[in-house]
Amino acid sequence: MDQVLYSTPDNPAPENRTEGYFETHDGHRLRYAVFRSGAPVAKGTVVILHGRNEYIEKYFETIRDLTAKGLWVATFDLRGQGGSSRLMKRRNHGHIRRFADYERDLDIFLEKVVLPDTRLPFYLLAHSTGGLIALSAAPYLTTRIDRMVLSAPFIGLTGQAASPRVIRALAGTLTALGLGFLPLTSKLKEPDFSDNPLTSDELRFERNVAMMKAHPELTLGPPTARWLTEAFRTMDRVTSPNHLFSITIPTIVIAPTRDGVVPYTAQERLSRYFRAGQLVPINGARHEIFQERDIYRAAALAAFHAFIPGSDAEENQDVAALGT
């Protein structure tokens, strides 16, 4: 049997797991894993939706944090990235035909894996592109997902050589001309901690780079014009007041104030019209809050556990005991 998940010395895979592949509506194989808590009674299951160019291994540390609190975790690599089926012959091109395919994949994952193989209630933890997918699918998830936590949801773009307006126009033009399979740049930048917009934690940054070097087949290059066009269209739709009003799942948006990928102002603006959502700023943190320094990461985890019913029950019991 081929290996499904990969470990490195500084990033071992958590034990007590099930791993494999499930098939999408259009015949792609997506890699997934379910991680069980050692607690005698499960407090629910957290479904993790990744960002672009992420994969299950990147979340091993966070998965351990969640299972230690009595939560199960279910997650999968998005189509076209990680250990899931790639959509183009050039494997490093980040491509999507329709953004709705991401939502259909999530629906199938919930139906085929999460519902039969994990424990209720279900919660959603979605980062960046995963957050955009969650926002788009949220009106239809009301009967399945009890609460959502969005980490730096991809609802805007900053930190690029060109302005978002130029990127949007160029991507749209290439897509309209039938050239949506082309990336806007062919340059693959070597990861460098000194100027990265993702995290201020050098150890976690280097840990992720080590995984990329050990298993380059998991990594992805620049997005194609079609991917960008689909993402921009989805951003426009999910940030409209009408769409936000239609979301009734209680939600928190964990927003790093020094986000170098998604403007903090866009996340702040989202919360104004998001009646079911509440903004939780993490002052000083960069885009990948769960890969950040302990001081920022602990704040994000504290917000998560305070919001998810039962996951902080042990701490509450300790506090109650001290008061008696």
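Everything quoted here is computed from the prediction, not taken from an experiment. (Residues numbered from 1 in each chain as written. Predicted model: local features only at pLDDT ≥ 70, side-chain atom pairs only at ≥ 80, totals over all residues. Heavy atoms only, no water.)

1. Some remarks on a negative patch on the surface
Taken together, the side chains of Glu 190, Asp 192, Glu 202 and Glu 206 present a region of like negative charge at the surface. Of note, Glu 190 is situated in the loop between α4 (164-176) and α5 (202-214). (Patch = residues over 30% accessible without salt bridge, like charges linked within 9 Å, V, L, I, M, F, W, Y side chains within 5 Å. Areas by Shrake-Rupley, 256 points an atom, 1.4 Å probe, with all protein chains shown as cover. Salt bridge = Lys/Arg side-chain N within 4 Å of Asp/Glu carboxyl O. Lys, Arg positive; Asp, Glu negative; His and termini not counted. Charge placed at Lys NZ, Arg CZ, Asp CG, Glu CD. Helix = DSSP H or I, 4+ residues; strand = E, 2+ residues; numbered from the N terminus.)

2. A short note on the sheet that holds strand β7 (residues 251-256)
In space, the 8 strands of this open sheet follow the order β1-β2-β4-β3-β5-β6-β7-β8, with mixed pairing throughout. Each edge of the open sheet is held by one strand with a lone partner, namely β1 (17-23) and β8 (277-282). Neighbour-to-neighbour, the strand axes of this sheet turn through a mean angle of 20 degrees, independent of strand direction. Direction of pairing for β1 relative to strand β2 (residues 29-35): antiparallel, over a ladder of 7 bridges. Note that in β2 the partner of Phe 22 across the bridge is Leu 30. Relative to the sheet, helix α2 (residues 100-117) contacts β1, β2, β3 (45-49), β4 (72-76) and β5 (122-127), its axis offset from that of β4 by approximately 145 degrees. Helix α8 (residues 264-273) contacts β7 and β8 of the sheet and is inclined by roughly 160 degrees relative to β7. (Pairing = 2+ DSSP bridges. Axes fitted to C-alpha atoms, helices over the stretch in contact; angles between N-to-C directions. Contact = heavy atoms within 4.5 Å.)

3. Some details on the confidence of the model for the protein
Per-residue confidence for the protein gives a mean pLDDT of 92; residues scoring 70 or more make up 94%. For the stretch residues 315-324, pLDDT sits under 50, and the model shows 1 contact to residues farther than four places along the chain or on other chains. (pLDDT = per-residue confidence, 0-100.)

4. Some thoughts on unusual backbone geometry
For residues that are not glycine, phi is negative in most cases, and the peptide bond is trans in most cases. In this structure, the amide linkage connecting Leu 120 to the following residue, Pro 121, adopts the cis form with an omega of -5 degrees. Among the secondary structure elements, Pro 121 is positioned in the loop between α2 and β5. Here the phi dihedral of Asn 16 falls at roughly 55 degrees; this positive angle occurs in a residue that is not glycine. Within the secondary structure, Asn 16 sits in the segment before β1. At Asn 53, a residue that is not glycine, the phi angle is positive and equals roughly 60 degrees.

5. Overview of the packing of aromatic side chains
Evaluation of the coordinates by the stated rule reveals 9 aromatic pairs. Aromatic pair Phe 35 and Phe 60: ring centres 6.4 Å apart, planes at 70 degrees, arrangement edge-to-face. Taken together, the residues span a long stretch of sequence, with Phe 35 in strand β2 and Phe 60 in helix α1 (residues 60-68) at a distance of 25 residues. On the basis of relative accessible area, Phe 35 is assigned to the buried category, the value being 0%. Relative to Phe 109, the ring of Phe 76 has its centre 4.7 Å away and its plane inclined at 50 degrees; by these criteria the two rings are tilted. You can see Phe 76 sitting in strand β4 and its partner Phe 109 sitting in helix α2, a full 33 residues away along the chain. (Phe/Tyr/Trp six-rings, centres within 6.5 Å; stacked < 30°, edge-to-face > 60°. Buried < 20%, exposed > 50% of the residue type's maximum accessible area, 1.4 Å probe, protein only.)

6. What about the nonpolar core?
Residues Leu 49, Phe 76, Phe 109, Met 148 and Phe 274 are the most contacted members of the largest nonpolar core, which totals 58 residues. Counting residues in each nonpolar core, the second largest holds 31 residues, with Leu 5, Leu 66, Ala 300 and Phe 304 among its members. (Core = buried A, V, L, I, M, F, W, Y, C linked by side-chain atoms within 4.5 Å.)

7. Some remarks on a nonpolar patch on the surface
A cluster of nonpolar side chains, namely Leu 177, Leu 179, Phe 181 and Leu 182, defines an oily patch on the protein surface of about 350 Å² accessible area. With respect to the element layout, Leu 182 can be found in the loop between α4 and α5. Overall, Leu 182 belongs to the partly exposed group, its relative accessible area being 32%.

8. Quick look at the environment of Thr 24
With respect to the element layout, Thr 24 can be found in the loop between β1 and β2. The exposure class assigned to Thr 24 is buried, which follows from its relative accessible area of 6%. The spatial distance from the C-alpha of Thr 24 to the C-alpha of Pro 263 is 32 Å, given a sequence separation of 239 residues. Other than its neighbours up to four places away in sequence, Thr 24 contacts Leu 30, Arg 79, Asp 105 and Ile 108.

9. Thoughts on the packing of α4 against helix α6 (residues 225-238)
Between α4 and α6, the shortest axis-to-axis distance is 8 Å and the interhelical angle comes to 120 degrees. Taken as axis vectors, α4 and α6 run oblique relative to one another. In this structure, α4 crosses over α6, and the sense of that crossing is left-handed. On α6, the residues that touch Pro 164, Ile 167, Arg 168, Ala 171, Gly 172, Leu 174 and Thr 175 of α4 are Ala 225, Arg 226, Leu 228, Thr 229, Phe 232 and Asp 236. Partitioned by chemical class, the residues of the contact of α4 with α6 number 7 nonpolar, 3 polar and 3 charged. (Parallel < 35°, antiparallel > 145°, perpendicular 65-115°, else oblique. Left-handed = near helix turned anticlockwise from the far one by under 90°. Nonpolar A, V, L, I, M, F, W, Y, C, P; charged D, E, K, R; others polar.)

10. Quick word on the pattern of salt bridges
Applying the stated criterion to the full structure yields 20 salt bridges. In this structure, Glu 61 engages Arg 297 in a salt bridge whose closest nitrogen and oxygen atoms are separated by 3.8 Å. Here the residue Glu 61 occupies a position in helix α1, and Arg 297 occupies one in helix α9 (residues 294-307), the gap between them amounting to 236 residues. Among the ionic pairs, Arg 79 bridges to Asp 105, the shortest N-O distance being 2.6 Å. In this pair, Arg 79 is assigned in the loop between β4 and α2 and Asp 105 in helix α2, connecting sequence segments 26 residues apart. Residue classification places Arg 79 among the buried residues on the basis of a relative accessible area of 3%.

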